Amino acid sequence: MQVGNVEVEVLFAPHPKRNADHGLNWLAALLASAKNQIDMALFVFSAQQLADVLEERANDGVKIRLVADPGFASRSFSEVLDLLGVALPDRDCKLEAHNKPFAKPIRGVGTPRLARSDTLHHKFAVIDNKTVVTGSFNWSPSAAHTNDETLLVIHSPQLSKHFTREMDRLWDGAELGITPHLQRKFDRQRIRCGDGVERA
């Protein structure tokens, strides 16, 4: 639909997995369309499908920046770990089924410095400085197939500038790569589990 001279698209979840129009497929197509840059600020990112698309875009030279909530980023099923090129066994020493850490880790991945008890609750992306993806929809199978969620896509270079400013604010001072907190978690799990065993 058009709002003034701006094209806006909306999707309400959930959808069955067999429905090809579900939110993760839409997000995957949007990410795959990126030619130059993808910026993301995410609370939950647990959809392997989207991580796979980001790896393809990164391999094609698209610049990727991701800031993720520190509390979620280090969970064993977080795709943030894939982008960093690592895998983390869970408390049962199991690895996520079909997990695919990137062969070439992305440098532009990190967690913002937040006040104590603060949460990065954003769920947005800016694609090529002209398309904003936002809403309540976490980048997860639950958002697509279980929860009542809203996914909004706004094709507006002007609005993109506002979201990019927020991304830049979070990016300034963000801890990039494998943080000391994450490294300690890896070390503890390696002692307990070795490399872990893939979940069946």
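Broken down by element type, the protein carries seven helices and eleven strands. The globule rule puts the C-alpha radius of gyration for 200 residues at 16 Å, and the 17 Å found for the protein is close to it. Structurally, the protein occupies a C-alpha span of about 60 × 40 × 35 Å along its principal axes. Of all 200 residues assigned to the protein, the portion counted as buried reaches 48%. Residue pairs in contact within the protein that sit at least 24 positions apart in sequence constitute 73% of those at least 6 positions apart. For the protein, the exposed area adds up to about 10,400 Å²; of that, 50% sits on carbon and sulfur atoms. Positive and negative side-chain charges of the protein, numbering 25 and 25 respectively, have mean locations separated by a distance of 4 Å.

According to the stated counting rule, one finds one disulfide in the structure shown. Sulfur-sulfur distance for the disulfide between C93 and C193 comes to 2.0 Å. Judged by the torsion about the S-S bond (-65 degrees), the C93/C193 disulfide is left-handed. Highlighted residues: C93 in the loop between α4 (79–84) and β5 (94–95) and C193 in helix α7 (residues 180–193), separated in sequence by 100 residues. Here C93 matches C193 in class, with each residue buried.

The residue K123 is located in strand β7 (residues 123–127) in this model. One buried charged residue, K123, forms no salt bridge at all, with the nearest opposite charge on E149 at 6.5 Å. Once residues within four sequence positions are removed from consideration, K123 is found in contact with A41, L42, F43, V133, T134, G135, S136, F137 and N138.

According to the stated counting rule, one finds seven salt bridges in the structure shown. The partner of D39 in a salt bridge is R65, and the shortest N-O contact between them spans 2.8 Å. Separated by 26 residues along the polypeptide, D39 in strand β3 (residues 37–42) and R65 in strand β4 (residues 63–68) bring together distant segments of the chain. Taking the relative accessible area as the measure of exposure, R65 reaches 8% and is therefore buried. Ionic pairing is found between D52 and K100, a salt bridge with its closest N-O pair at 3.1 Å. Here K100 lies in the loop between β5 and β6 (109–111) and D52 lies in helix α2 (residues 48–59), a separation of 48 residues in the sequence. Through salt bridges with shared partners, one network takes in D39, R65 and D168.

A few words on the layout of surface pockets. A volume near 240 Å³ is recorded for the largest pocket. Lining the largest pocket are 15 residues, with P70, T111, E175, T179 and H181 positioned closest to its centre. Breaking the lining of the largest pocket down by element, the ones donating at least two residues are α3 (70–73), α4, β6 and α7. Among the residues forming the lining of the largest pocket, the class breakdown is seven nonpolar, six polar and two charged.

Looking now at the nonpolar core. Ranked by internal contacts, the top residues of the largest apolar core, which has 43 residues, are M40, F45, L50, L54, L83 and W139. Among the elements that make up this core, the one with the highest residue count is helix α1 (residues 23–32) (six residues). In contact with L50, not counting residues within four places along its chain, are L24, L27, A28, L31, F45 and W139. With 13 residues, the next largest nonpolar core counts V6, V67, L120 and A174 among its residues.

Conventions used here
Positions within a chain are numbered from 1, following the residues in the order the chain's sequence is written. Note on the predicted model: pLDDT of at least 70 is required for a residue's local features to be given, and 80 or more for side-chain atom pairs to be given and counted; whole-chain, interface and lining totals, by contrast, use all residues. As a rule here, side-chain values come from all non-hydrogen atoms in the structure, and water together with hydrogens is ignored. We count a stretch as a helix when DSSP gives it H or I for four or more residues in a row; a strand needs E for two or more, and each element gets its number in order from the N terminus. Just to be clear, the radius of gyration here is over C-alpha atoms, and the globule rule we use is 2.2 Å times residues to the power 0.38. Whether a residue is buried, partly exposed or exposed follows from its accessible area with a 1.4 Å probe, protein chains only, as a fraction of its type maximum: under 20%, in between, or over 50%, in that order. Note on definitions: a residue-residue contact is assigned when non-hydrogen atoms from the two residues lie within 4.5 Å. Computed with a 1.4 Å probe, the accessible areas rest on the Shrake-Rupley method; for each residue, only the protein chains presented here act as cover. Neither His nor the chain ends is counted toward charge; the positive residues are Lys and Arg and the negative residues Asp and Glu. In plain terms, the charge of a residue is placed at NZ if it is Lys, CZ if Arg, CG if Asp and CD if Glu. Here, a disulfide means two cysteine sulfur atoms that sit within 2.5 Å of each other. One side-chain nitrogen of Lys or Arg within 4 Å of one carboxyl oxygen of Asp or Glu is enough to make a salt bridge. Here the term cavity refers to a set of points on a 1 Å grid, laid over the protein atoms alone, in which a 1.4 Å probe fits but cannot get out; the term pocket refers to an open set having protein on both sides within 12 Å along at least five of seven lines, with lining residues being those that place an atom within 4 Å of a point. Grid points are joined across faces, edges and corners, and a volume is the space filled by probe spheres set on the points. Each residue is assigned to one of three groups, with Ala, Val, Leu, Ile, Met, Phe, Trp, Tyr, Cys and Pro labelled nonpolar, Asp, Glu, Lys and Arg labelled charged, and all others, Gly among them, labelled polar. Throughout, nonpolar core names a set of buried Ala, Val, Leu, Ile, Met, Phe, Trp, Tyr and Cys residues whose side chains join them through atoms within 4.5 Å.

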